[in-house]
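Chain and residue survey
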There are 6 protein chains.
Amino acid sequence: MYELGIVKRHIRRADRAVVDRLAGFGVATVHEAMGRVGLMQPVMRPIYPGAKACGTAVTVLLQPGDNWMLHVAAEQLQSGDVVVAACTAENTDGFFGDLLATSFRARGAMGLVIDGGVRDVRDLAEMKFPVWSRAISAKGTVKATLGSVNVPVVCAGALVHPGDVVLADDDGVVVVPADIAAKTADAAAAREANEADKRAKLAAGMLGLDMYKMREPLEKAGLRYVD
Amino acid sequence: MYELGIVKRHIRRADRAVVDRLAGFGVATVHEAMGRVGLMQPVMRPIYPGAKACGTAVTVLLQPGDNWMLHVAAEQLQSGDVVVAACTAENTDGFFGDLLATSFRARGAMGLVIDGGVRDVRDLAEMKFPVWSRAISAKGTVKATLGSVNVPVVCAGALVHPGDVVLADDDGVVVVPADIAAKTADAAAAREANEADKRAKLAAGMLGLDMYKMREPLEKAGLRYVD
Amino acid sequence: MYELGIVKRHIRRADRAVVDRLAGFGVATVHEAMGRVGLMQPVMRPIYPGAKACGTAVTVLLQPGDNWMLHVAAEQLQSGDVVVAACTAENTDGFFGDLLATSFRARGAMGLVIDGGVRDVRDLAEMKFPVWSRAISAKGTVKATLGSVNVPVVCAGALVHPGDVVLADDDGVVVVPADIAAKTADAAAAREANEADKRAKLAAGMLGLDMYKMREPLEKAGLRYVD
Amino acid sequence: MYELGIVKRHIRRADRAVVDRLAGFGVATVHEAMGRVGLMQPVMRPIYPGAKACGTAVTVLLQPGDNWMLHVAAEQLQSGDVVVAACTAENTDGFFGDLLATSFRARGAMGLVIDGGVRDVRDLAEMKFPVWSRAISAKGTVKATLGSVNVPVVCAGALVHPGDVVLADDDGVVVVPADIAAKTADAAAAREANEADKRAKLAAGMLGLDMYKMREPLEKAGLRYVD
Amino acid sequence: MYELGIVKRHIRRADRAVVDRLAGFGVATVHEAMGRVGLMQPVMRPIYPGAKACGTAVTVLLQPGDNWMLHVAAEQLQSGDVVVAACTAENTDGFFGDLLATSFRARGAMGLVIDGGVRDVRDLAEMKFPVWSRAISAKGTVKATLGSVNVPVVCAGALVHPGDVVLADDDGVVVVPADIAAKTADAAAAREANEADKRAKLAAGMLGLDMYKMREPLEKAGLRYVD
Amino acid sequence: MYELGIVKRHIRRADRAVVDRLAGFGVATVHEAMGRVGLMQPVMRPIYPGAKACGTAVTVLLQPGDNWMLHVAAEQLQSGDVVVAACTAENTDGFFGDLLATSFRARGAMGLVIDGGVRDVRDLAEMKFPVWSRAISAKGTVKATLGSVNVPVVCAGALVHPGDVVLADDDGVVVVPADIAAKTADAAAAREANEADKRAKLAAGMLGLDMYKMREPLEKAGLRYVD
């Protein structure tokens, strides 16, 4: 894990049909469906409002100030992939811009999640190429030191294996391991079915206190109402 | 103060007419009208551009990772309230989403100010439910530990008593204690009357140096012009 | 350098024709054209998407919580200037709002870059007065302590001399020293000419690995492809 | 509250005997005894290991970059006071150094808690004058703008009224409101009596799981042991 | 991975003899010996200078503000373990103090690495119980929500499996996967053997430029010496 | 300025006798003597308490994650120099450890100021080699990309020219331009002579209010004493 200087060519991607089902949910729903795990840290923000992406992870391990491995990753892309780039150190340099986005899109990528900085964000927004990043920075990078492609990486606090499903929207980024992707999609669907009814009740003025039957546990916990 | 496990049912809200007057001003103007106090820290940002809210505070003290008390607070809401949620520790979890927003709105809330995270921000923006928060995060929370409702709280560095006026816009959040709300509205009105004239003079090219008569005090302070 | 209490009246501004040429490029391109130097730190963000400014620097050195010198700076402005305000300490107070923007614009300013906070951002966005800042804050400032105008300053990590070219867009802020502005504009033009061709090749599916002839250096560096 | 330009001369200090009792406990114990409230944020750190102070609060509200009010506060000090200085904005300037420490000590102060920076820390450590601060910085401050003395302040997230008990050690700073100081000292004593016995049991190898009878609630919560 | 509500009882610990060999090296050396990977982020600092620990990881996944699982973990400890505690959200609460340290030591623990806060740090330093943490905070925690014990966790950016070797000193924390521990110890020994000779040469005034034969690659890279 | 790939061999160092005079003062005193300018940001901390250094700057511009230029700098050192290393991006990697310290000391260096990370801090403390840094990190760096040596750099917010005097102690780091070093030493001496008398008066209970004649300006500013 984390070995430097490696490109893994053959990875097992999560099933396309399952990816497509997960694409229909929001990040918060899928995170809940997984049992409240799998999120990246909230420092990861979309570069434009309304950005959304769902795909299979091609992972990249970058060195600070060096985007060489993003070019290596481009060759490994298949249609429907999302590139997930971690870095061996916290670094906000602009590893990625509109040229790489053009290349990634031509190779089939649905978007980029990068624990670093990006640039040309105006162009990226116009291209509708969605990116989630730690920072926006025009700072250029070099191509001098090896990292890896398609090794497991820790990106913004989340472990990502190549082929995992990565879902990202305005709320952040969630990673669904390939082998629980189908189960998670089922749970997300169940959860969402549930929500429409709840929403209607709450809109009608019903209290969560009653809908979720919280009054008794609150009393047991010692909640006191005073005037 | 800060006692845990308490819900205060009857609070003295600032006068509605005064709240409506304050709603007509910007946060910066009201902060100045109070004598340059009352602001929350600038980490508190609206979840969409143009968000604006003004109302009477229903306060909540949360525990990290736990949104139980937001449900308790819903029952205490009256039309025209703004929920102000502090937390016993710095925490960016997603305490609040579209279901709670639906409930809060149904109970009369004008918006939420939370020293924590929120999720479902796309839905919240579409609902035009304004929220100011420290973070956006899909991270789910539990309902296990008591906090309080309608106790005085420190939210993002500002002391808020239940019933105080809370005004929030793109510039941030200001808290006006209920008993100086009327006086503050008067001062804000006076200040704003003043501004139109100043703006016209500055637009015509007059310098602040002359308009504010700064040249003499600058000279006394020792300012030197060199070539 | 950094002396307090000084206003330099006569500064050598970069040539207007060169400024206009640089205005046609993006920040990332100009930063690359300078040899990957000259950027401010990425904490400097535009207050609205799509903000863009290019002009000659009138520099200001502020004291924390004090905007007196911005008024002094207004008098030194010429058409086509960008105000660059540094501060003797990290401070997010709202040094600048719509009144000062009205004055700056009337005096010819193209925008503001400030290592501090700004307020009235809604009004500034409506005025289309572009600002790059460390923070948005309604916090008022005093007019009590001297700083300087048109001395060299360090703003968000970048050294800025009065008269330098300052270019800012969604990617951040770059500073081009006046005496290399022409050379930099040439290099930027060369770089951009180059980019259209690269973009077309990448869009057609060509890999950066081949276009930039990276395969051999990657192999020499020891990159291993595994299955 | 927070009014600027005020010095309150007569404040009600917590009872000396109670302060002395509280001085015998650690910050963590007193925080627990208050029901897990009253702490300042952990950014407040002592300037040397082993610093400890307990006394009655004389509060100061500072402006960023301005230490004028610390001089005003010196006159209000009585033997056994701890100065608690908040600031109207986040600011790390060196508001306090060895000269002010000499003055504060001569007037009876036991230490300083400041949501800002301090300097001369080597001298302060040699004088054994304990300080808890957000930062260490040599940056000088001016004496130009009014704040207040002995008004309620929010310091590092905690509300402090003049006369409250302030206890600080290597774990941080806790504020005990004057009117619950005696009750809190009792609760702290009860808690500590309890701890010696617990410590002995744990040292002998007993598990908290058994000592605190956690096995049943863990099982109820659904904890699963797997091989 | 990351599943909540699980305690794994039987884990495969790295070989004791290898752990003991690794304990003889510094964190920087072992990190280099692994190929420059395996470090936690530098926010993890020892609570006292000179702290050092090396052992096999018992991992804990905590919820913010909740230390219940540390008690569960105590039962799983064996002599020579180091507890590694991650949290589902960034949180600085004081999850750990002298009572838990007493228990952990009695059960054989060599230290604690926690992506959160600790308290009673004076006592811990006197006990010589080494802890590396994100923060020091007196803030108390509850025992209400399940996390997990001995599941793989991401702690301060590093992936840790139960049984991995954890080495920590003044430079930070490194994680050595159990199955490469022996190989890593060999590489660290080779590296260290090498260093004594280098140190002697450098102390005698030899330049790294010559010792590492850097002059030619620097020239090739284009380095220019000017007067 | 900031040009990459340059080593300037001949620099004009501040006069040795003046450097020695400045070495007798603290950072805070020298910063005041310069007119309250010249400080690096307070993020720069010594790696051990009591560290002190004063010397002439040999400057280095590093790339993130790359310490090649520190080796290049070693050759340019003369007895009495302090190395000042800036970085083109914020980066906390461990650029410097005990081997480089051995080399730097052998070449005459008095210490290091680095806007980045260092490692082997235990060894450095034992060697009494003083370092001020942004972080402590075991993270290794590569030797692949050119920066510069002895160009002007911005380090932690301060502009440093090669040959400037750099003074660092527990309060932080101050930079004195070579051409005002003598004048600054005079001003520092005058300031310090002054301080002994002030300290004695304050120790005797005299108030700063009276010693600095602040009562009248405070009254003019509108300070109100209330009961």
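Preceding block: the structure.
Residues numbered from 1 in each chain as written. Chains lettered and ligands numbered in written order. Predicted model: local features only at pLDDT ≥ 70, side-chain atom pairs only at ≥ 80, totals over all residues. Heavy atoms only, no water.

1. Concerning the overall build of chain A
- The helix and strand tally for chain A stands at eight helices and 13 strands.
- Relative to its 227 residues, chain A shows a buried fraction of 65%.
- For chain A, contacts bridging at least 24 residues in sequence account for 77% of all contacts bridging at least 6.
- Carbon together with sulfur atoms contributes 50% to the accessible area of chain A, which is approximately 7600 Å² in total. (Helix = DSSP H or I, 4+ residues; strand = E, 2+ residues; numbered from the N terminus. Buried < 20%, exposed > 50% of the residue type's maximum accessible area, 1.4 Å probe, protein only. Contact = heavy atoms within 4.5 Å. Areas by Shrake-Rupley, 256 points an atom, 1.4 Å probe, with all protein chains shown as cover.)

2. Focus on the interface of chain E and chain D
- Facing 35 residues of chain E, the contacting portion of chain D comprises 35 residues.
- On the surface where chain E and chain D come into contact, there are six salt bridges.
- The partner of Arg215 of chain D in a salt bridge is Glu75 of chain E, and the shortest N-O contact between them spans 2.9 Å.
- Between chain E and chain D we count 16 residue pairs in polar contact (both at pLDDT 80 or more) in total.
- For the side of chain E that touches chain D, the elements supplying multiple residues, two or more each, are β1 (6–8), α3 (68–74), α4 (98–106) and α5 (121–127) of chain E.
- Of the residues assigned to the side of chain E that touches chain D, the class counts are 13 nonpolar, eleven polar and eleven charged.
- The pairing of strand β13 (residues 224–226) of chain D with β1 of chain E spans three bridges and is parallel. Note that in β1 of chain E the partner of Val226 of chain D across the bridge is Lys8 of chain E. (Salt bridge = Lys/Arg side-chain N within 4 Å of Asp/Glu carboxyl O. Polar contact = N/O pair within 3.5 Å; in protein donor to acceptor, adjacent residues only side chain to side chain. Nonpolar A, V, L, I, M, F, W, Y, C, P; charged D, E, K, R; others polar. Pairing = 2+ DSSP bridges.)

3. Digging into the relation of the copies chain E and chain D
- For the pair chain E and chain D, the best superposition has an RMSD of 0.0 Å and corresponds to a rotation of 120 degrees with a translation of 0.0 Å parallel to the axis. Read as a symmetry element, the transformation amounts to a three-fold axis. When C-alpha positions in chain E are compared against the rotation axis, the closest is assigned to Pro49 of chain E, at 6.2 Å. (Least-squares fit on C-alpha atoms with pLDDT ≥ 70 in both.)

4. Considering helix α3 (residues 68–76) of chain B
- The buried fraction of α3 of chain B amounts to eight of the nine residues, a majority that puts the element mostly inside the structure.
- Regarding α3 of chain B, the residues found buried are Trp68, Met69, Leu70, His71, Val72, Ala73, Ala74 and Gln76 of chain B.

5. Some points on the pairing of strand β12 (residues 172–176) of chain C
All names here are of chain C.
- With respect to burial, β12 is a largely interior element, five of its five residues being buried.
- Both faces of β12 are covered, namely the face carrying Gly172, Val174 and Val176 and the face carrying Val173 and Val175.
- In the sheet, strand β11 (residues 165–169) pairs with β12 via five bridges, with the strands oriented antiparallel. Along β12, the bridge assignment pairs Leu167 with Val174.
- In this structure, the hairpin formed by β11 and β12 is closed by a connection of two residues.

6. Remarks on the interface of chain C and chain A
- Each partner contributes residues to the interface: chain C has 35 residues there, and chain A has 35 residues.
- Overall, the association of chain C and chain A removes approximately 3100 Å² of surface from exposure, summing both partners, and the carbon and sulfur fraction of that is 60%.
- Interface area lost by chain C to chain A is led by Asp171, Tyr225 and Asp227 of chain C, which between them contribute 19%.
- Between chain C and chain A we count six salt bridges in total.
- In this structure, the salt-bridge partner of Asp98 of chain A is Arg199 of chain C, at a minimum N-O distance of 2.7 Å.
- Going through the elements one at a time, α2 (27–33), α6 (181–203), α7 (208–211), α8 (215–221) and β13 (224–226) of chain C are the ones with two or more residues in the side of chain C that touches chain A.
- Tallying contributions element by element places α6 of chain C first for the side of chain C that touches chain A, with six residues.
- When its residues are assigned to classes, the side of chain C that touches chain A shows 18 nonpolar, five polar and twelve charged. (Buried area = accessible area lost by both parts, 1.4 Å probe.)

7. Some thoughts on the packing of aromatic side chains
- Enumeration over the complete set of coordinates arrives at twelve aromatic pairs over all chains.
- Among the aromatic residues, ring-to-ring pairing joins Phe96, Phe104 and Phe129 of chain A into one connected group. (Phe/Tyr/Trp six-rings, centres within 6.5 Å; stacked < 30°, edge-to-face > 60°.)

8. Description of the arrangement of the chains
- The two units chain A and chain D remain apart, with a minimum C-alpha distance of 13 Å.
- Left apart from each other, chain B and chain F have a closest C-alpha approach of 13 Å.

9. Examining the side chain of Thr102 of chain C
- By the element assignment, Thr102 of chain C lies in helix α4 (residues 98–106).
- The class of Thr102 of chain C is buried, set by a relative accessible area of 11%.
- Residue contacts for Thr102 of chain C: discarding those within four places in its chain leaves Arg199, Leu202 and Ala203 of chain B together with Met127 of chain C.

10. Digging into unusual backbone geometry
- With phi around 50 degrees, Ala156 of chain C is a residue other than glycine that occupies positive phi space.
- Mapped onto the elements of the fold, Ala156 of chain C is located in the loop between β9 (153–155) and β10 (158–160).
- Phi at Arg36 of chain E takes a positive value of approximately 65 degrees, unusual for a residue other than glycine.
- With respect to the secondary-structure elements, Arg36 of chain E resides in the loop between α2 (27–33) and β2 (45–46).
- Residue classification places Arg36 of chain E among the partly exposed residues on the basis of a relative accessible area of 26%.

11. Re the packing of helix α4 (residues 98–106) of chain D against helix α6 (residues 181–203) of chain F
- Running from N to C, α4 of chain D and α6 of chain F cross one another at 20 degrees; their axes reach a closest spacing of 8 Å. As summarised for this structure, α4 of chain D and α6 of chain F are arranged roughly parallel, according to the angle between their axes. When you trace α4 of chain D past α6 of chain F, the crossing you get is right-handed. On α6 of chain F, the residues that touch Asp98, Leu99, Thr102, Ser103 and Ala106 of chain D of α4 of chain D are Glu195, Lys198, Arg199, Leu202 and Ala203 of chain F.
- Residues belonging to the contact of α4 of chain D with α6 of chain F are distributed by class as follows: four nonpolar, two polar and four charged. (Axes fitted to C-alpha atoms, helices over the stretch in contact; angles between N-to-C directions. Parallel < 35°, antiparallel > 145°, perpendicular 65-115°, else oblique. Left-handed = near helix turned anticlockwise from the far one by under 90°.)

12. Observations regarding the state of the cysteines
- This structure, assessed with the given rule, holds zero disulfides over all chains.
- Looking at the unpaired Cys54 of chain A, the closest cysteine sulfur is the one in Cys155 of chain A, lying at 16 Å. (Disulfide = S-S within 2.5 Å.)

13. A short note on the environment of Met34 of chain B
All names here are of chain B.
- Positionally, Met34 belongs in the loop between α2 (27–33) and β2 (45–46).
- Put simply, Met34 and Asp123 are 89 residues apart on the chain and 35 Å apart in space, counted from C-alpha to C-alpha.
- Apart from residues lying up to four places away in sequence, Met34 is in contact with Val174, Val175, Val176, Pro177, Ile180 and Thr184.

14. What about the environment of Pro64 of chain E?
- Mapped onto the secondary structure, Pro64 of chain E falls in the loop between β3 (53–62) and α3.
- By relative accessible area, which is 6% here, Pro64 of chain E ends up buried.
- C-alpha separation for the pair Pro64 of chain E and Thr88 of chain E, spaced 24 residues apart in sequence, amounts to 6.6 Å.
- Discounting chain neighbours no more than four positions away, the residues touching Pro64 of chain E are Pro64, Gly65, Asn91, Asp93 and Lys139 of chain B together with Cys87, Thr88, Ala89, Asn91 and Phe95 of chain E.

15. Points about the pairing of strand β6 (residues 111–118) of chain F
Residue and element names in this part refer to chain F.
- Along β6, eight of the eight residues are buried, which leaves the element largely enclosed by surrounding structure.
- As judged from the four bridges shared by strand β4 (residues 81–87) and β6, these two strands associate in the parallel manner. The residue bridging Ala85 from the neighbouring strand is Ile114, located in β6.
- Across two bridges, strand β5 (residues 94–96) lies against β6 in parallel orientation. Bridged to Phe96 within β6 is Val118.

16. Considering the packing of helix α3 (residues 68–76) of chain A against helix α4 (residues 98–106) of chain A
Residues and elements named next belong to chain A.
- Look at α3 against α4: their axes get within 9 Å of each other, and the N-to-C directions meet at 20 degrees. Considered as vectors, α3 and α4 are oriented roughly parallel to each other. In this structure, the crossing between α3 and α4 has a hand that is left-handed. Between α3 and α4, the contacting residues are Leu70, His71 and Ala74 on the first element and Leu100, Ser103 and Phe104 on the second.

Coordinates in, geometry out; function isn't part of it.
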